[in-house]
Structures are given as structure tokens and as C-alpha cells.
There are 2 protein chains.
Amino acid sequence: MQHEIIIVDDHLLFARSLAGLIDSYEEYTVKHTFTNGSELVDKFSSGMKLPAIILLDINMPIMDGIATMKWLKKYQPKAKVLALSMEDNEQTVLAMLRNGAKGYLLKDIQPVLLKKALDTVIEQGFFHTQEVTKALMKSLNSENEEIVELKDVELQFMRLACEEKTYKEIADIMCKSHKTIDGYRQHLFEILEVKNRIGLVMYAIKNGIVEI
Amino acid sequence: MQHEIIIVDDHLLFARSLAGLIDSYEEYTVKHTFTNGSELVDKFSSGMKLPAIILLDINMPIMDGIATMKWLKKYQPKAKVLALSMEDNEQTVLAMLRNGAKGYLLKDIQPVLLKKALDTVIEQGFFHTQEVTKALMKSLNSENEEIVELKDVELQFMRLACEEKTYKEIADIMCKSHKTIDGYRQHLFEILEVKNRIGLVMYAIKNGIVEI
DNA sequence: AAACAAAAAGGGGTTTTTCCCCTTTTTTGT
DNA sequence: ACAAAAAAGGGGAAAAACCCCTTTTTGTTT
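About the criteria used
- Residues numbered from 1 in each chain as written.
- Chains lettered and ligands numbered in written order.
- Predicted model: local features only at pLDDT ≥ 70, side-chain atom pairs only at ≥ 80, totals over all residues.
- Heavy atoms only, no water.
- Pairing = 2+ DSSP bridges.
- Helix = DSSP H or I, 4+ residues; strand = E, 2+ residues; numbered from the N terminus.
- Axes fitted to C-alpha atoms, helices over the stretch in contact; angles between N-to-C directions.
- Near = heavy atom within 4 Å.
- Polar contact = N/O pair within 3.5 Å; in protein donor to acceptor, adjacent residues only side chain to side chain.
- Nonpolar A, V, L, I, M, F, W, Y, C, P; charged D, E, K, R; others polar.
- pLDDT = per-residue confidence, 0-100.
- Contact = heavy atoms within 4.5 Å.
- Buried < 20%, exposed > 50% of the residue type's maximum accessible area, 1.4 Å probe, protein only.
- Buried area = accessible area lost by both parts, 1.4 Å probe.
- Salt bridge = Lys/Arg side-chain N within 4 Å of Asp/Glu carboxyl O.
- Phe/Tyr/Trp six-rings, centres within 6.5 Å; stacked < 30°, edge-to-face > 60°.
- Lys NZ or Arg CZ within 6 Å of the ring centre and 35° of its normal.
- Least-squares fit on C-alpha atoms with pLDDT ≥ 70 in both.
- Core = buried A, V, L, I, M, F, W, Y, C linked by side-chain atoms within 4.5 Å.
- Parallel < 35°, antiparallel > 145°, perpendicular 65-115°, else oblique.

1. Thoughts on the sheet that holds strand 3 (residues 53–57) of chain A
Residues and elements named next belong to chain A.
Then step 1. Overall, parallel pairing links the 5 strands, which are arranged 2-1-3-4-5 in an open sheet. The open sheet has two free edges, formed respectively by strand 2 (28–34) and strand 5 (103–106), since each of these has just one partner strand. Each adjacent strand pair in this sheet contributes to an overall mean axis angle of 25°, direction not counted.
Then step 2. Judged from the 6 bridges that link them, strand 1 (residues 3–8) and strand 2 form a sheet pairing that is parallel.

2. Points about the protein's contact with DNA strand D
Then step 1. As a structural note, the neighbourhood of DNA strand D is formed by 16 residues, with Y167(A), D182(A), R197(A), K179(B) and T180(B) the closest of them.
Then step 2. Per the 4 Å cut-off to the protein, sugar and phosphate atoms form 64% of the nearby atoms of DNA strand D.
Then step 3. The contact in question runs from a base nitrogen of DNA strand D to an N or O atom on the side chain of D182(A), over 2.9 Å.
Then step 4. A distance of 3.3 Å separates a phosphate oxygen of DNA strand D from a polar atom in the backbone of K195(A).
Then step 5. For the surface near DNA strand D, the secondary structure elements donating two or more residues are helix 9 (178–191) of chain A together with helix 9 (178–191) of chain B.
Then step 6. Here the element with the most residues in the surface near DNA strand D is helix 9 of chain A; it accounts for 4 residues.
Then step 7. In terms of residue class, the surface near DNA strand D is built from 3 nonpolar, 5 polar and 8 charged.

3. A short note on the confidence of the model for chain A
Then step 1. Averaged over chain A, the pLDDT score is 82; the fraction of residues at 70 or greater is 86%.
Then step 2. Low pLDDT, under 50, characterises residues 140–145 of chain A; the predicted model gives this stretch 4 contacts beyond four residues in sequence or across chains.

4. A look at the protein's contact with DNA strand C
Then step 1. Inspection of the region around DNA strand C gives 17 residues, with K151(A), K179(A), T180(A), Y184(A) and Y167(B) positioned closest.
Then step 2. What you see for DNA strand C is that sugar and phosphate hold 70% of its atoms within 4 Å of the protein.
Then step 3. For DNA strand C, a base oxygen lies 2.6 Å from a polar atom in the side chain of K179(A).
Then step 4. Counting residues per element, the ones that place at least two in the surface near DNA strand C are helix 9 of chain A together with helix 9 of chain B.

5. A closer look at the environment of I66(B)
Residues and elements named next belong to chain B.
Then step 1. Following the sequence through the fold, I66 ends up in helix 3 (residues 65–75).
Then step 2. A residue is classified by how much of its surface remains accessible, and I66, at 22% relative accessible area, is partly exposed.
Then step 3. Excluding its chain neighbours within four sequence positions, the residues that come into contact with I66 are T92, A95, M96 and N99.

6. Things to note about the interface of chain A and chain B
Then step 1. Across the contact, 16 residues belong to chain A and 16 residues belong to chain B.
Then step 2. Summing both sides of the interface, chain A and chain B together bury roughly 1,500 Å²; the carbon and sulfur share of this comes to 67%.
Then step 3. Ranking the residues of chain A by area buried against chain B places E164(A), I198(A) and I212(A) at the top, with a combined share of 44%.
Then step 4. The tally of links between chain A and chain B comes to 0 salt bridges.
Then step 5. Of the residues that constitute the side of chain A that touches chain B, the class distribution is 8 nonpolar, 2 polar and 6 charged.

7. Overview of the packing of aromatic side chains
Then step 1. One pass over the full model with this rule turns up 8 aromatic pairs over all chains.
Then step 2. Judged by centre distance (5.0 Å) and plane angle (40°), the ring pair of W71(B) and Y75(B) falls under tilted. Remark: Y75(B) and W71(B) occur in helix 3; sequence separation between them is 4 residues, near one turn of the helix.
Then step 3. Given a relative accessible area of 47%, Y75(B) falls into the partly exposed group.
Then step 4. Summarising the aromatic geometry, the rings of F157(B) and Y167(B) are spaced 6.1 Å apart at their centres and angled 25° between planes, so their arrangement reads as stacked. Residue F157(B) is found in helix 7 (residues 152–161), and its partner Y167(B) is found in helix 8 (residues 167–174); the two are separated by 10 residues along the sequence.
Then step 5. One cation-aromatic arrangement involves R185(A) over F189(A); the distance from NZ or CZ to the ring centre is 4.9 Å.

8. Some details on the relation of the copies chain A and chain B
Then step 1. The transform that puts chain A on chain B rotates by 178° and translates by 0.8 Å along the axis, for an RMSD of 0.4 Å. Such a combination of rotation and displacement between the chain copies is what one expects of a two-fold axis. For chain A, the minimum C-alpha distance to the rotation axis belongs to I198(A) and amounts to 3.5 Å.
Then step 2. A share of 100% of the interface residues of chain A reappears at the interface of chain B, consistent with the copies meeting face to face through the same patch.

9. A word on the nonpolar core
Then step 1. Counting residues in hydrophobic clusters, the biggest one holds 49 residues, and the most contacted among them are F157(A), M158(A), L200(A), F157(B), M158(B) and L200(B).
Then step 2. Of all elements in the fold, only helix 7 (152–161), helix 8 (167–174), helix 9 and helix 10 (197–206) of chain A together with helix 7, helix 8, helix 9 and helix 10 (197–206) of chain B reach the threshold of two or more residues within this core.
Then step 3. Other than its neighbours up to four places away in sequence, M158(A) contacts L150(A), L188(A), L192(A), L200(A), Y203(A), A204(A), I209(A) and V210(A).

10. Re the packing of helix 7 of chain B against helix 10 of chain B
Residues and elements named next belong to chain B.
Then step 1. At their nearest, the axes of helix 7 and helix 10 sit 9 Å apart, and the two run at 110° to each other. When the axis of helix 7 is compared with that of helix 10, the two are roughly perpendicular. Where helix 7 approaches helix 10, its residues F157, M158, L160 and A161 are matched on the opposing element by R197, L200, V201, Y203 and A204.
Then step 2. Across the contact of helix 7 with helix 10, the residue classes break down as 8 nonpolar, no polar and 1 charged.

11. Observations concerning unusual backbone geometry
Then step 1. The backbone phi angle of C175(A) is positive, close to 55°, even though this residue is not glycine.
Then step 2. Inspection of the secondary structure puts C175(A) in the loop between helix 8 and helix 9.
Then step 3. If you check the backbone angles, E193(B) has positive phi at about 55° while not being a glycine.
Then step 4. Under the relative-accessibility criterion, E193(B) is labelled exposed at 69%.

Spelled out as C-alpha cells, the structure:
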């Protein structure tokens, strides 16, 4: 009996060739390929049964990997998801794992490693490469702070605060009053437990809010 | 005929086992193991001839990898050095390569990769893993700025400026007048071409002056 | 739909820090 | 002994940080 796989990836070419590869394995068969998270959610909502493994791309339009993971965590907590990604962003890895992904694969992996990942998830329920373990250890050691979810405006403000701009310039860019920006600043100082803008910048860097 | 290798590493246990491994290869023999850069320099100064490859640890007391590379670049420019390191710090990699290292290996590599690295250096004169190539490409794309060498006091100031401290507090810590600190600040603004303390912090992070 | 609470946006004003221009004194290297 | 660099300092403008307060928006309950 074959294990059913679902692929969710907006790069159709990649999704199809991945499907071809997986279908070539005796033990696996690809049942569906979707191009974004909400297609997957729709199918589950209309009664689709859980496959053995979901291969979930992270960078997608409409409903991205993390949003999809959050939905799955809530409504399909038994889903076994392997996250797929082009780049190796530590914060994204952690976000996916926090929301219940069973493993994390870079898209340029060797086919043999994909096969091994699938087998390992079926047998042991998870698959973690050395890189992920490293990221996990790092987060265990350094981050005892609880994770604060920031809103979009706050993220935008944080990114601008990391540039050599005055708050007045930031206010103009964000089309808000100088005083509103001051409110953002004060609020972020409190929830992130920092004392000044330097602390804000260091927080943004440590938590991958800004590109370095 | 065997190629002669010299190992420079302060972790004697590691250096010895590495030597054992290398001696087990037919084509290579370890001629010396030193525990810091100045031992190596001393031997060269007293007429030791150049080995085929020097395996040089980066994190050492007394005279570290980068200092040793600088000496070798000046007095033994034909030395073929493979840098060894525990961690994968992009800035350090680049500093080693800029000073003429032929390659960069993480200490946790597979023995077979070490063998390949040695062979490749002998045959082609260099050995670069994918990670190094990636770091190189990144530095090519982003860093057109020239490298500014900072003095010790300036580095200390930079590190403190990345913490949530006022300049007054920094002055106390560094036992300098508040105005002297202001002089450091202004001087660094000019040579690093930044406009404010945020720019200073971002520079420090991009150039590995502070740990993230 | 009305009422209520909570969060967001904005205003005014004070204190502190940051930043910049300048001069004087001290230290350092040759 | 001399020049150059580092350190210390003064004065002032701008920005950042901080505090208290009002209005508007948003979401939730009954």
C-alpha cells in the first residue's frame, strides 16, 4: 500500500517534477498538488482526508507556509508536514517548527535525501537535518524570551528604525503623524523590553525582522 | 613522495587526532603540530622550509588565525593555508581569504571531505566549499565599501554603542571623559560614513564587530 | 442595535540624549 | 623638541525619549 502525498507549491514546474520524482518511488504516490495554502484549506474544509505527508512550500502568494501551518495546527493537528524552502532562514524554520512542521527541507536537496526524509517521517514522525538541529539548539540557548507577535505596521516601523532615519522621516514614509510613530516606538519599547532605539535595532536583528 | 602538512591549533587533542587521520593517508604526512601562530612564525624565522599545506586554526590564544595569516601573507606568501574553524562566521571567512587562505574548513567535516580538500589544494591550489562561495558572492554583491581598520578603543566603543547605553554610561565604562567619547563617535561617523548611532550599530553588525 | 471596553491614533510639553561646530590641553611618536 | 594625534571641554541646536491626556476606531457582549 502506497503512502499518499500532497504537494503545496506555487512553482508549478517544481511541484510537477517533484510529483514525478515521488511517484517514481514505489512506496509513495502524489494525490494532489496545490499552488497555495488556501486551496489546501478549501479541500480539507470540503472533507478531503488527511494524506500521509504534506510537502508545504513556505514562500507562496495568497496563503503562505506559516499561515497555512497555523491553520493546520488548529484544524488538522495530526497532519504531518514537511516544509520546503528556497532559502535557509533560521527564523522561518523556527516559525514552521513552532507551528508543528515535522521537518524542513531546502529545495536543492538530493533526491535521495528527499526519499530519506519521507521514510523518516513515516517511520519516526519527524525528520530534522543538522542545520535545523543547529537552529533549534541556538534558539534554546539564546532565546528564553517569549515570542512577541508584531503587527505589520510595527514590523514596517522596526525595519525603518534600523535605517539611519529620524522618526520624523519614518512618519513621512509611513504616512502617519509624528506622534503616532512616537506611540509605536513607546509601545514597542514596552513589549520588547528595551530602553531605547538601539535596543529596538538589536531586537530586530536578533529576530530576523531586518535583513542584515 | 609524501606531501608535508603542518597543523596549527591550540586544541592539542584535536590537533593530534587530526594528525593521526592525515598520517593514515598515504600521500600525506604531518611534519609539525603547533599550538599557536607565533610558534609557527618562530620556526619559519629560524629557517624551516615551507610545507605543502598549513592547516591553521582561527580561534587561538597568543596569535590567532587572522594575525598569522597576515604574517604569512607578508613573509611566506607562497604558503598554502587551509583555515580551520569551529563556527562559520562569514566575516572571519572573508578576512582569512583576503589574507590569502586557500580554503576554509569547518572542524566538524567528514574525514573524506578533509582528504578531498587536501587533494584539491595540492592539485588546483585552492579548495572552496559551497558555503564559502556563497559568502564570497554575497560580499561581492553588497560590499563595495573599502575595509576600515579600527583601533581597539574604537572597537570597544562600537561594541558598547550596540548596547542600550547612553554615551555617558559608555564614558564611565571606558574611563574616558564624556567629551572624548563624543570625539570617538564623531570620528567613527566620518570614517564609516554613517549619519547616526543606528548606522554605527548596523555597521558593527554587518562587519562582525559585535556578536549577534 | 446599543453599550462597553480595548486598542490605535494623535496632541502638547518636558527632559535627556545626541549631534555638530569649535578651542584648548595633554599625550605620543620621531 | 616638534609635529601630530588624542583627549577634554564649551555652547547650542536637533532629535529622541518620556509623560500625561483626548479623540477615534475597533471589537465584543448583551
